[in-house]
2 protein chains.
Amino acid sequence: MEKVGIKDIAARANVSTATVSYVLNGTRNVRPKTKERVLKVIEELNYRPNDIAKSLKSNRTNTIGVIAEDVTVFNVPEIIDGINDYADRYDMHILLTNLRLQKRIGYNYSKMEDYRKYAQDAVSNLLSKQVEGIIYIGVHPRDLTGLVNTYNKPIVYTYCYANDAKSVQYNDEQASYDAVNYLVSKGHSRIGVISGLMDSIPSRLRFNGYYKALTEFQLPFDPQFIKVGDWGLDSGYRLAGELLSLADPPTAILVMNDLMAAGALRCASEQGVVVPRDLSIVGFDNREFSAYLSPSITTVELPLHDMGILAMKSLASMISGDGEVIDETPLCRLIERESVAAPRTAGK
Amino acid sequence: MEKVGIKDIAARANVSTATVSYVLNGTRNVRPKTKERVLKVIEELNYRPNDIAKSLKSNRTNTIGVIAEDVTVFNVPEIIDGINDYADRYDMHILLTNLRLQKRIGYNYSKMEDYRKYAQDAVSNLLSKQVEGIIYIGVHPRDLTGLVNTYNKPIVYTYCYANDAKSVQYNDEQASYDAVNYLVSKGHSRIGVISGLMDSIPSRLRFNGYYKALTEFQLPFDPQFIKVGDWGLDSGYRLAGELLSLADPPTAILVMNDLMAAGALRCASEQGVVVPRDLSIVGFDNREFSAYLSPSITTVELPLHDMGILAMKSLASMISGDGEVIDETPLCRLIERESVAAPRTAGK
DNA sequence: CTGTTAGCGCTTTCAC
DNA sequence: GTGAAAGCGCTAACAG
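In every chain, residue numbers begin from 1 and rise along the written sequence. By the order in which they are written, chains take letters starting at A while ligands take numbers starting at 1. For this predicted model, a pLDDT threshold of at least 70 governs which residues receive local features, and a threshold of 80 or more governs which side-chain atom pairs are given and counted, while totals over whole chains, interfaces and linings are taken from all residues. Remark: hydrogens and water are excluded; side-chain values derive from all non-hydrogen atoms of the structure.

If you look chain A up in an unreviewed UniProt entry, it shows as LacI family transcriptional regulator from Paenibacillus methanolicus.

Here you go:
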């Protein structure tokens, strides 16, 4: 009873293997009577097609490779979920490679050459497995041009990019602009910013959005209001302290991630500055904890699920060669929670 | 230059395809000179082996299927990471199926029949793809006996189980016992518990551990100290309130997840009960936010990575048929943070 | 409407 | 040390 193949079905049903194949795939009309007989035997013998053989012949695997730099990094699972969301609808399968970047080399960029090797190996393995395309999910937005060679197989990057390939990003500048806009709508005009490291693309983009909004709403631009953190909670704590100790401190702070926002919150709390009454705070990322702090943090949620969907959609169209170009840049969404209110001394 | 195969290499190097195969796999000795020539041509033509063809012939895919009920559920990515950790070392590849349970049917158990269909389809697809085994990752520990039929392919369950198959679990009872032990070592004797829903296996196991520790240390067992929550933050808040309003309230509470612990924390804070001075709290899960609350929560971390490793290890040994039986039940680890201290009125 | 058959790209036995 | 050739389980001409 082991390993029943199309041939066994054919023999038992007194038809040719071709006919079995036809009823299996509906590739051609088969007399109902014959079809029924074949189906019955398939049932009896509990036959399951062998996709490997099928793939060898048809040159299609319906499988794509997904390379995740690190599946345990907070934003990554939701992107994968988006990829699945789209892939499921088209019966595409996913061969997952987890580079385990964080655990293998941490943030030690001197090991970057090792890393390139891992990445290229992953691509090569996937290619050997005949994937029809690859999606590469980074751990944060940065330029990965030249990291790997896919030998003309389509690849799309997301949550990172490469200049010589398709990538799916989200609109960071707009998100920041919208956040400031929201603060302005609440009556704020003295708006500080705690940025992430300045060599980071999101930091730059978010700063652009902040600056653009300031300009557009004709708000005062005070260099003292601009603080550069390192994404860590402690830096948010420290920089919020600096902001608060200004002679004329901001009434609101745009903080470029929830971790630093949590630090800012803690600092405010310790200084007796009550959020949001005395100070409004907006974070970024919608990290899980941002909903559980007191006050909960109003924050910008990244469109991760959509990025996954779009990455898969782009890849699918590249694979099918239908020429359709997916060119959306999904928007972030502001999650209103408790850390923002009108400034105490409203108006300007 | 497209699609170079073993045949092209053979022709260009003036050898047979067999020889090419031999140098590729080191299956047989080849004269160094010949070998070198073949290797050179492989390089020149930039040949990449086709694993599909290889698999068809060899009947091995080096691929296992991983079915995750939901990759976005907080504990799941780390389990996957563990699977990768082990799989990488043995050059095993992973075909990932994400059932998207949460998003598809939520907690609507009336749709359970639909769910079984999804699960069985996932298994069938994976089987067609000729995976050598399957790892099934649940979203929480529960009995899944009879959910799917793998037609004798090995399957191992983790973060859930089935009575008729191998599963990798962690030691919940011990974790709870250890947590109480820890509280006792700090001087507590009046220890309350806020449990999760009582139809949940972890709730039962953790309660067992709690009860066992109480018994063993001859601590008072007061039914009033036992509260049953629903895993949500609000229930933790409410039940901590009930505990605190007792005539003689506990000095420490074992809370069966971090979410309810966060609720308990909030309740204490609002009542002016300062944690950990007036009340110690231990949570479960080591959720991300538990480190960022003030005070941060001392909590029990689940050995998710190990579970992934062990699941993969078990599956690998089932596949190889080496008869080795992996029978470890990894332990949880208590993460000491700020929410526990000696009781104010130390001693008994 | 159905059957025969030539491969898909590789591994491996058997022969030299 | 090397080559010829038989398949692995399927699909899709091509021929009836």
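A.B. asks: Explain the protein's contact with DNA strand D here, please?
C.D. replies: The nearness test applies per residue and asks whether one of its heavy atoms lies within 4 Å of the molecule or strand. As a structural note, the neighbourhood of DNA strand D is formed by 28 residues, with Ile6 and Tyr47 of chain A together with Arg31, Thr34 and Lys57 of chain B the closest of them. The sugar-phosphate share of atoms of DNA strand D within 4 Å of the protein amounts to 54%. Within the side chain of arginine 28 of chain B, one N or O atom sits 2.6 Å away from a base oxygen of DNA strand D. Note that a phosphate oxygen of DNA strand D is positioned 2.4 Å from one of the side-chain N or O atoms of threonine 34 of chain B. Under this definition, polar contacts are N or O atom pairs within 3.5 Å; protein pairs additionally need one hydrogen-donor-capable and one acceptor-capable atom, and for neighbouring residues in sequence, both atoms have to be side-chain atoms.

A.B. asks: When you look at the protein's contact with DNA strand C in this model, what are you seeing that I'm missing?
C.D. replies: Near DNA strand C lie 28 residues; those nearest to it are Arg28, Thr34 and Lys57 of chain A together with Ile6 and Tyr47 of chain B. Close to the protein, within 4 Å, the atoms of DNA strand C belong to sugar or phosphate groups at a rate of 51%. One nitrogen or oxygen atom from the side chain of arginine 28 of chain A is found 2.6 Å from a base oxygen belonging to DNA strand C. At 2.6 Å, a backbone N or O of arginine 31 of chain A approaches a phosphate oxygen of DNA strand C. What counts as a helix is a DSSP run of H or I of at least four residues, what counts as a strand is a run of E of at least two, and both are numbered from the N terminus. Taken together, the elements giving at least two residues each to the surface near DNA strand C come down to α2 (17-25) and α4 (51-58) of chain A together with α1 (6-13), α2 (17-25) and α4 (51-58) of chain B.

A.B. asks: Is there a simple way to explain unusual backbone geometry in this structure?
C.D. replies: Excluding glycine, residues mostly have negative phi values, and the peptide bonds linking residues are mostly trans. A cis geometry characterises the amide bond from valine 275 of chain A onward to proline 276 of chain A, with omega recorded as 5°. Its place among the elements puts proline 276 of chain A in the loop between α11 (258-270) and β9 (280-284). At the junction of serine 294 of chain B and proline 295 of chain B, the peptide bond is cis and its omega measures out at -5° in the coordinates. Relative to the elements of secondary structure, proline 295 of chain B occurs in the loop between β9 (280-284) and β10 (298-301).

A.B. asks: So what exactly am I meant to see when it comes to the relation of the copies chain B and chain A here?
C.D. replies: The relation between the two copies of this chain is a rotation about an axis and a shift parallel to it. The fit set for superposing copies consists of C-alpha atoms from residues with pLDDT of at least 70 in both; the fit itself is least squares. Screw-axis analysis of chain B against chain A gives a translation of 0.0 Å along the axis, an RMSD of 0.0 Å, and a rotation angle of 180°. Both chain copies can therefore be described as sitting about a two-fold axis. A share of 100% of the interface residues of chain B reappears at the interface of chain A, consistent with the copies meeting face to face through the same patch. What makes two residues a contact is simply this: any of their non-hydrogen atoms within 4.5 Å.

A.B. asks: Help me out: how do you make sense of the side chain of serine 235 of chain A in this one?
C.D. replies: Residue and element names in this part refer to chain A. Relative to the assigned elements, serine 235 resides in helix α10 (residues 233-244). Note on exposure labels: buried denotes an accessible area under 20% of the residue type's maximum, exposed denotes more than 50%, and partly exposed covers the range between, all computed with a 1.4 Å probe on protein chains only. Given the relative accessible area of 2%, serine 235 is considered buried. Within the structure, the side chain of serine 235 is placed 2.9 Å from the side chain of aspartate 230, a separation counted as a polar contact.

A.B. asks: Got a minute to help me understand the sheet that holds strand β8 (residues 252-255) of chain A in this structure?
C.D. replies: Backbone hydrogen bonds are what pair the strands of a sheet, in a parallel or an antiparallel way. Residue and element names in this part refer to chain A. Strands are labelled as partners when DSSP assigns at least two bridges between them. Taken together, six strands build an open sheet; the order of strands is β7-β6-β8-β9-β10-β11 and the sheet is mixed. The two strands at the open ends of the sheet, each matched to only one other strand, are β7 (226-228) and β11 (333-335). Neighbour-to-neighbour, the strand axes of the sheet open up by a mean angle of 20°, direction not taken into account. As defined by bridge partners, strand β6 (residues 191-195) adjoins β8 across four bridges and the pair is classed as parallel. By the bridge assignment, valine 193 is partnered in β8 with leucine 254. Where helices are involved, their axes are fitted lines through C-alpha atoms of the stretch in contact, as for all axes, and angles between N-to-C directions lie from 0 to 180°.

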